[in-house]
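Summary of the model geometry
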Amino acid sequence: MRDAIADLVRDGDTVAIEGFTHLIGFAAGHEIIRQRKRELTLARLTPDLIYDQMIAAGVARKLVFSWLGNPGVGGLGAIRRRIEGEIPAEPLEIEEYSHFGMVGRYTAGAMNLPFFPLRSYFETDLPVANPLIRPIKSPYGEETIFAVPPLRPDVAIVHAQRASAGGDTQVWGLLGCQKEAAFAAERVIVVVEELVEEAVIRADPNRTIIPGLIVDAVVVEPWGAHPSYVQGAYDRDNRFYLDWDAITRDEAALQAWLGEWVYDLDGRASYIEKLGSERVESLRPGSAPSGSVDYGSYR
């Protein structure tokens, strides 16, 4: 992880860490913090705890997003303080879309299109708040719709269940727009729970959402998505999300958490050791009616 982030994430980049509640790349975000990257534009459909942590650490100047919050719990204090200029740093620049608007932007970037058309901004204030959401006339009639510009990240970071050494990446369970973000990006880092032989990938090809030909680095990082979940490997750590509400409300508490859980650790293995075996074991999934996957000795 250290090498992938050092080589592929550069100051000033637009970075997309995607995954829709599932498969969120916390380990990658923490390594970006540890390496003290700066002036990043962070893009994501649902900025949640990882972007709150990264913005609290000072890595970002801008946030491109479609919804933000601590899902099911509350707000994100670090992001709010930066937007409102309550801490000694430049206010965070924001660029807001709907979920479909962000998906459309990634799709346009992946397809090398100049824009993506959609209807969903009628009767909303988002086109007023964001002048990049623009009304356009249909070329096939008098109808007016809206267009959003392509989003082409410098780096997309995707967490997945498994990949081959060549980068063919397989995901199952809840999908977000990882595929679209990866195809839109200039560079792609895939972080996986398990590295498997090419024969495993070929035996179940419909799970492959990202081909190795667009992948620049594969990082094997078990538990790299905690506190989010990885279907078949570990459950969502709901306690973490509840605990974060009090931490994010207080700047001193948040900075102390970053020191203890990010800066003072050398990587994800140390993080999981600090989390403790009892907590880790409590997140092991139960049996699945459709079968299970053997993730090796760490399971």
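In case you missed it, the structure is sitting above this.
Below, the structure is looked at part by part. These numbers come from a predicted model, not from an experiment. (Residues numbered from 1 in each chain as written. Predicted model: local features only at pLDDT ≥ 70, side-chain atom pairs only at ≥ 80, totals over all residues. Heavy atoms only, no water.)

1. Points about the pattern of salt bridges
Under the convention used in this document: Basic side-chain nitrogens of Lys or Arg form a salt bridge, by our definition, when they fall within 4 Å of a carboxyl oxygen of Asp or Glu. Only DSSP runs of H or I covering at least 4 residues are called helices, and only runs of E covering at least 2 are called strands; the numbering of each starts at the N terminus. Throughout, exposure labels follow a simple rule: accessible area from a 1.4 Å probe, protein chains only, divided by the maximum for the residue type, with under 20% read as buried, over 50% as exposed, and the rest as partly exposed.
For the structure on display, the rule yields 18 salt bridges. Taking the shortest distance from any N to any O, the salt bridge between Asp13 and Arg187 comes out at 2.6 Å. One end of the pair, Asp13, is in the loop between helix H1 (2–8) and strand S1 (14–18); the other, Arg187, is in strand S10 (residues 187–195), and 174 residues separate them in sequence. In this structure Arg187 comes out as buried when scored by relative accessible area, which is 10%. A salt bridge links Asp243 to Arg239; its shortest N-O distance comes to 3.7 Å. One end of the pair is Asp243 and the other is Arg239, both in helix H9 (residues 238–249) and four residues apart, which spans about a single turn.

2. Considerations on the side chain of Lys37
To keep it simple, the criterion reads: When charges are counted, neither His nor the chain ends are considered; positive counts come from Lys and Arg and negative counts from Asp and Glu. Residues adjacent in sequence count toward polar contacts only when both atoms are side-chain atoms; beyond that, a polar contact is any pair of N or O atoms within 3.5 Å, and within protein one must be able to donate a hydrogen and the other to accept it. Contacts: residue pairs with any heavy atoms within 4.5 Å of one another.
One can find Lys37 in the loop between helix H2 (26–34) and strand S2 (40–44). This buried residue, Lys37, is left without a salt bridge; Asp11 holds the nearest opposite charge, at 5.3 Å. Only 2.8 Å separates the side chain of Lys37 from the backbone oxygen of Val9, close enough to count as a polar contact. For Lys37, the contacting residues outside a window of four places in its chain are Ile5, Ala6, Val9, Asp11, Ile32, Gly58 and Val59.

3. Notes on H9
Taken residue by residue, H9 has Phe240, Tyr241, Trp244, Asp245, Ile247 and Thr248 as its buried positions. Among the structural elements, H2, helix H3 (49–56), helix H4 (77–84), helix H10 (251–263), helix H11 (268–275) and helix H12 (277–282) are those in contact with the buried residues of H9.

4. Observations concerning unusual backbone geometry
The linkage connecting His226 with the following residue, Pro227, adopts the cis geometry, with an omega of 15°. Considering the arrangement of structural elements, one finds Pro227 in the loop between strand S12 (217–220) and H9. One non-glycine residue, Asn112, adopts positive backbone phi at about 55°. Here Asn112 shows up in the loop between helix H5 (99–110) and strand S5 (116–118). By relative accessible area, which is 60% here, Asn112 ends up exposed.

5. Side note on the packing of aromatic side chains
Selection criterion: Two rings from Phe, Tyr or Trp (for Trp, the six-membered ring) form a pair when their centres are within 6.5 Å of each other. A pair whose planes differ by under 30 degrees is stacked, one over 60 is edge-to-face, and the rest are tilted.
What the rule picks out here adds up to nine aromatic pairs. Ring centres 6.3 Å apart and planes at 5° place the aromatic pair Phe240 and Trp244 in the stacked group. Residue Phe240 and its partner Trp244 are located together in helix H9, separated by four residues, close to a single helical turn. The pair formed by Phe240 and Trp244 is uniform in burial state, with each residue classed as buried. Arranged with centres 5.4 Å apart and planes meeting at 70°, the rings of Trp261 and Tyr271 form a pair that is edge-to-face.

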